[in-house]
Amino acid sequence: MQTIPMTTGRQGVAIFLAFFALGVAAAAFTGYPEGIPCQDAVVRCGIGEDLLAGLTRGRQGLVGSLRWAPLPTLAVLPLLKVTREAPLGLAACAAAAGAYALLCAFLNSWWARLRLPGALRLGALLAFFASPAVQGHIARGSSDAILVLVGVGTVCFLIEWWETDELRPLAYLSLLLPLGMATRYQFGLIFVVVLLAVFLHLRLRRRGHFYAQGTLIIVGTPALYIAALWVAANWLIMGEPFFFLRGLPWQTLRAIVQGGHMSASLAERICSAGSAWLTLVHEGCAWEVLVLPLLMALAGWAGARVFRRHPRIGALPCVVVALLILCLPESGTSWREAESTWKMARVVRQLETTDSEAAILVSGYRGHDMRYLASPALRARLEHTISVYLDEALRRTRGKRLYVIVPPPRGLNRWEDINIKFQTLYGRGTNFALYERSLDDWQLWQVVRIDQP
Amino acid sequence: MRVMVERFDVAEERLSCFGISPAHWRFVFEILRQRPDECACPVLTWPQRCVLLLAVAGVSWWLWRDAVTCLLFINGCLIAFYLFLIAYKFYVIHVSLGHPRELRFTQAEIAALRDEELPLYTILVPLYRETESLPRLMQSLRQLNYPPDKLEVLLLLEEDDVATQEAAAALALPPFVRKVVVPNSQPKTKPKACNVGLAQARGKYLVIFDAEDRPEPDQLKKAVLGFRRAPANVVCLQAKLNFYNQRQNLLTRLFTTEYSMWFDLYLPGLSHLEAPIPLGGTSNHFDTERLRQLLGWDPFNVTEDCDLGVRLAAHGLATAMLDSTTWEEACSALGYWIRQRSRWTKGYIQTYLVHMRHPLRLHRRLGIGASIGFHLVIGGTPFCLLINPFYWLMTLSWFAFRWESMASFFPFPIILWALVCLFVGNFVFVYSSLLAAYRRGYYDLVKYGLLVPAYWVLMTIGAWKGFLQLLYKPNYWEKTRHGLDLEAAASVAPAPETGR
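Note that the coordinates shown come from a computational prediction; the quantities given were computed from them, not determined experimentally. (Residues numbered from 1 in each chain as written. Chains lettered and ligands numbered in written order. Predicted model: local features only at pLDDT ≥ 70, side-chain atom pairs only at ≥ 80, totals over all residues. Heavy atoms only, no water.)

Visitor: Is there a simple way to explain the nonpolar core in this structure?
Guide: Side chains of a nonpolar character, in soluble globular proteins, are inclined to be buried together. Core analysis: the biggest nonpolar cluster contains 189 residues, and Leu-107 and Trp-111 of chain A together with Trp-297 of chain B have the highest contact counts within it. Top element by residues in this core is helix H5 (residues 90-113) of chain A. It accounts for 14 residues. Counting 38 residues, the second largest nonpolar core, distinct from the first, contains Tyr-121, Leu-141, Val-177 and Ala-320 of chain B. (Core = buried A, V, L, I, M, F, W, Y, C linked by side-chain atoms within 4.5 Å. Buried < 20%, exposed > 50% of the residue type's maximum accessible area, 1.4 Å probe, protein only. Helix = DSSP H or I, 4+ residues; strand = E, 2+ residues; numbered from the N terminus.)

Below, the structure written as structure tokens:
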């Protein structure tokens, strides 16, 4: 790969600023005044606003769940300050626009190192950025944009390091790996693949023990640091160092190891565990959105490799892929159109009819959806926490009836603290709550208290 | 100023004993005559003292009136400073990683140089109490791949250093080596001796080497090629410095990661950004005549190299990095290391104060980008070392005692910036040490970069010593002791398994 003149650096800044402005403008004008973000954006913005307000709930929401990893929330945070008066979720849209703009600037630089002509690079990037898929992500404020940025960057730097052995791609690859984990836990799969690639590269190069040691330290240090920070934050904020891992199906692994007394055979237990863990791979992570941009990036690389002496021809594959992306229709639904939101809206409407003096404890990240859909009167009655501390809730609502709204422990709701801490509450109840009624597939339970009004 | 300069005069009869002409001696303090504003004598001018007093008075009054708001404001400013420093450092390293910034030459290009076309090259070697280092120095000079008849080596000895004079006399010096004895006078500094040498230098180009230096043999030829290739405003080429006793003990390992970070990552990035380069004290190659026009080094500045780098930039001139290494001895004894570090910090503060005498003029000359580099690198480096202990103590106190009163000094968003500094900033500084050792090819030293936070504590101790010494002995030169390395006769270790 070639070194590039600094004019490409300035080009990158210009591309980033231009595309960012275009993306934000498009999201603001197509969304205004309704605001059409996705659930991911609603939750991220909700956590961000709680953080800016200095609430404990905000700090808990930032670090307390592997499912809702912190980086997309942190990306939204500075933009929330600016877009305070704007419609819901614009900050997340701006973050998504920024991520795609940064991706375009990065690809421009990467393809420039491959000596692809400037005009064709820019054409491909324009087609990509203007595509319905990308614009749809931006309009919905999806943090999949950050996943795409980190994923494409990781693969490109891995390739560059493999070919050149240079420090720069190794350093950026090492920094992106933990950032990917802090975006989507599923990035761990890519992490493992990259680590295997690094080991393989070291084995093939055979440059000595200290070279391997030094390389692994460079690669591993950022990941270990961010992991340690996350654990420390959980210890300080949640009171438990591995709180954020609680949503993982550890019981399936325990069942394999300790389940000799269970009726299911070992094979059945393994299948069950495998199924549960495979579900995790897909849940909340749109892998498909990563494929096409990655393909576009690699098409440029492959074209430059095959047509070394004809850069214009070498650039054609990435242009073709970009045009293909441009032609694809937008997929995905906005938050307002999503089925889960309709259901939540029905639950909220039913909650509005409950005792207006009673408080309602809603735990977890879904609480952000509920707060946005609730009327001001209902919102004032909601006790929203990320982690459930009944004693505290009872203390805060002294003299009132306290209800707990419990979602079904499936899908996204499986990660909510109410279903982790009180696994039998939904469906069977516990000794501290009395069943009140069902609201669609959610359940309302009344907390028994000795100072019952 | 006339009176001040006369304080440093030496009688002509004495000068003639040392073979120094009055004109040459006059040149030594010419900067004090012609450009006293660029000289660290005194360290603070009267306007600066007034501004400082006013600032202290103002802060004291504010503290008395409303201590919490005052401390909050100061805290906010310091956190903002840290943020800028972290962002700038990250950017400089990013620039340095992205593109090779040094002037590089192939073996074929070097071999193509014919001896006849090579100019006369002057090497200045200031010596003070260096009897152990002299034999190694001679060996290093003999190994230089440069025609002896085109070399002029001036050993700059001090009048009162009889031992080194006798050691030099006992050696069979090559014909291109000449001894110059500097009369005993104040200030007793390396830059004063270098000015004596500069006044007498005949070479077209000139370089400084220290007593323990082992430059790569083809460094002078690379410098010749470098001056040919570099733009016309480049008057200085800085070679990279590193240590030949990297693995002697833990201190030298950490010192090596620091030097690698400085010369392999940081300075090349600064050079590309056209920020003022704080030169290393050795292996600076100059266009001799243009250095004379700049009036040489400031004899009163204890980091004359850093000062000269800023002065070059302020006069519209530039420094480029040369892809050649000079191997030095890393100070391996903690006591001497702290003394050396104190001198560097003192010198950086001196340099900053000198060049801030006319801030508007300086900023006009440097431009925005270079000015930012000047403030963050020259001023920010010692400042950061001095205020670090306060924040370390605050952080440890908070974790240990959870003092709620501390929260009033860290409201939102200051707490957010502070957390970024704590978690992101420290990581950037530590990780850059790992990268630097890796880039230099010291793969076994990469892991020692993780111990850099402990090294910062030592740097801070040295910094405070230097700051306090600035108050009562501003021009005192803390001599670095050499010859502590165990492998005195070892040859230079080539960089194994380079990562390039």
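Visitor: Would you mind going over the pattern of salt bridges with me for this structure?
Guide: Opposite charge on two side chains allows them to pair when their charged atoms are near. Residues and elements named next belong to chain B. Here the structure, examined in full by the defined rule, presents 40 salt bridges over all chains. A salt bridge links Asp-264 to Lys-240; its shortest N-O distance comes to 3.5 Å. With Asp-264 in helix H12 (residues 250-272) and Lys-240 in strand S6 (residues 234-243), this residue pair connects regions lying 24 residues apart in the sequence. On the basis of relative accessibility, which here comes to 1%, the residue Lys-240 falls in the buried class. A salt bridge links Arg-311 to Asp-307, with the shortest nitrogen-to-oxygen separation between them at 3.3 Å. Separated by four residues within a single helix, Arg-311 and Asp-307 lie in helix H14 (residues 304-314), roughly one turn from each other. Across the pair, exposure class does not vary: Arg-311 and Asp-307 are buried alike. (Salt bridge = Lys/Arg side-chain N within 4 Å of Asp/Glu carboxyl O.)

Visitor: Would you mind going over unusual backbone geometry with me for this structure?
Guide: Backbone geometry follows two general trends: most residues other than glycine have a negative phi, and most peptide bonds adopt the trans configuration. Along the chain, Cys-41 of chain B connects to Pro-42 of chain B via a cis peptide bond; the corresponding omega equals 5 degrees. Between Gln-186 of chain B and Pro-187 of chain B the backbone carries a cis peptide bond, its omega angle lying at -10 degrees. Following the sequence through the fold, Pro-187 of chain B ends up in the loop between strand S3 (177-182) and helix H10 (190-200). Despite not being glycine, Arg-206 of chain A shows a phi value in the positive range, around 50 degrees. Note on Arg-206 of chain A: relative accessible area 63%, which makes it exposed.

Visitor: What exactly am I supposed to notice about the interface of chain A and chain B here?
Guide: Accessible area lost upon the coming together of the parts serves often as the stated size of an interface. At the junction of the two partners, chain A supplies 31 residues and chain B supplies 27 residues. Together, the buried faces of chain A and chain B total about 2,600 Å²; carbon and sulfur atoms form 69% of this surface. Applying the counting rule to chain A against chain B returns zero salt bridges. If you look at where chain A meets chain B, you find six residue pairs in polar contact (both at pLDDT 80 or more). Counting only elements with at least two residues in the side of chain A that touches chain B, the list comes to helix H2 (39-52), helix H4 (70-82), helix H9 (167-181) and helix H11 (209-238) of chain A. Of all the elements, H11 of chain A adds the most residues to the side of chain A that touches chain B, at 12 residues. (Contact = heavy atoms within 4.5 Å. Buried area = accessible area lost by both parts, 1.4 Å probe. Polar contact = N/O pair within 3.5 Å; in protein donor to acceptor, adjacent residues only side chain to side chain.)

Visitor: What am I meant to see in the sheet that holds strand S8 (residues 318-328) of chain B here?
Guide: Whether parallel or antiparallel, the strands of a sheet pair through hydrogen bonds between backbone atoms. Residues and elements named next belong to chain B. If you trace the eight strands from one edge of the open sheet to the other, you get S3-S2-S1-S4-S7-S6-S8-S5, paired in mixed fashion. Edge strands, defined here as strands with exactly one partner in the open sheet, are S3 and strand S5 (214-215). Here S6 runs beside S8; their pairing, made up of nine bridges, is parallel. Across the sheet, Val-234 pairs through a bridge with Ala-318, a residue of S8. Set on the sheet, helix H11 (residues 219-229) makes contact with strand S1 (121-126), strand S2 (151-158), strand S4 (205-208), S5, S6, strand S7 (284-287) and S8; between it and S8 the angle comes to about 175 degrees. (Pairing = 2+ DSSP bridges. Axes fitted to C-alpha atoms, helices over the stretch in contact; angles between N-to-C directions.)

Visitor: Looking at this structure, how should I read the packing of aromatic side chains?
Guide: Two aromatic rings, taken as a pair, are described by how far apart their centres are and by the angle between their planes. Enumeration according to the criterion identifies 39 aromatic pairs over all chains in this entry. Seen from their ring centres, Tyr-435 of chain A and Trp-445 of chain A are 5.4 Å apart, and the 75 degrees between their planes marks the pair as edge-to-face. One end of the pair, Tyr-435 of chain A, is in strand S4 (residues 433-439); the other, Trp-445 of chain A, is in strand S5 (residues 442-447), with 10 residues separating them in the sequence. Classification of Trp-445 of chain A by relative accessible area gives buried; the value is 5%. Ring geometry for Phe-81 of chain B against Tyr-82 of chain B: centres 5.8 Å apart, planes inclined by 45 degrees, an arrangement best described as tilted. Both residues of the pair, Phe-81 of chain B and Tyr-82 of chain B, belong to the buried class. Through a chain of ring-to-ring contacts, the aromatic side chains of Phe-243, Phe-255, Tyr-259, Phe-263, Trp-337, Trp-344 and Tyr-455 of chain B assemble into a single cluster. (Phe/Tyr/Trp six-rings, centres within 6.5 Å; stacked < 30°, edge-to-face > 60°.)

Limitation: the analysis is restricted to geometry and does not speak to function.
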